[in-house]
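Chain and residue survey
Take a look at the letters that make up each chain.
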Amino acid sequence: WKLAWEKGIESARAGLHATLLVRHPSNGKLYANFDREILQLLRETKCLMRMGEDVKEPARMVLLQESKLKSYYNKLSYALAEYEAVTARLHPLTKPLL
């Protein structure tokens, strides 16, 4: 199980290189693109370290950035919510100008 987990580390870390903002193809809304596998990697790394298991360096590096990653996601989500609120108040004739 540990070897499978270690292989999963790299795929989860690849999510850190993904585009931050994505536009939904059907409704056109912007979303914060945050890979949930990263959160799972953080939880699993913490648990393994509590159990005294040796954890590979890439997983520890992501764990060190946990608060920063969560803060960035929360701030970006807030900015997108504010953007949606502002654009919802625009007059329909001016919306296409954005």
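Coordinates for the structure precede this section.
Residues numbered from 1 in each chain as written. Predicted model: local features only at pLDDT ≥ 70, side-chain atom pairs only at ≥ 80, totals over all residues. Heavy atoms only, no water.

Some thoughts on the pattern of salt bridges
As enumerated under the stated definition, the model contains 4 salt bridges in all. Lys46 is paired through a salt bridge with Glu66; the nearest N and O atoms lie 2.9 Å apart. Of the two residues, Lys46 is situated in helix α2 (residues 36–50) and Glu66 in helix α4 (residues 66–88); the sequence distance between them amounts to 20 residues. Note on Glu66: relative accessible area 13%, which makes it buried. For Glu57, the salt bridge goes to Arg60, with nearest N and O atoms at 3.2 Å. Here Glu57 pairs with Arg60, and both are found in helix α3 (residues 57–64), just 3 residues apart, close to one helical turn. Classification of Glu57 as partly exposed rests on a relative accessible area of 42%. (Salt bridge = Lys/Arg side-chain N within 4 Å of Asp/Glu carboxyl O. Helix = DSSP H or I, 4+ residues; strand = E, 2+ residues; numbered from the N terminus. Buried < 20%, exposed > 50% of the residue type's maximum accessible area, 1.4 Å probe, protein only.)

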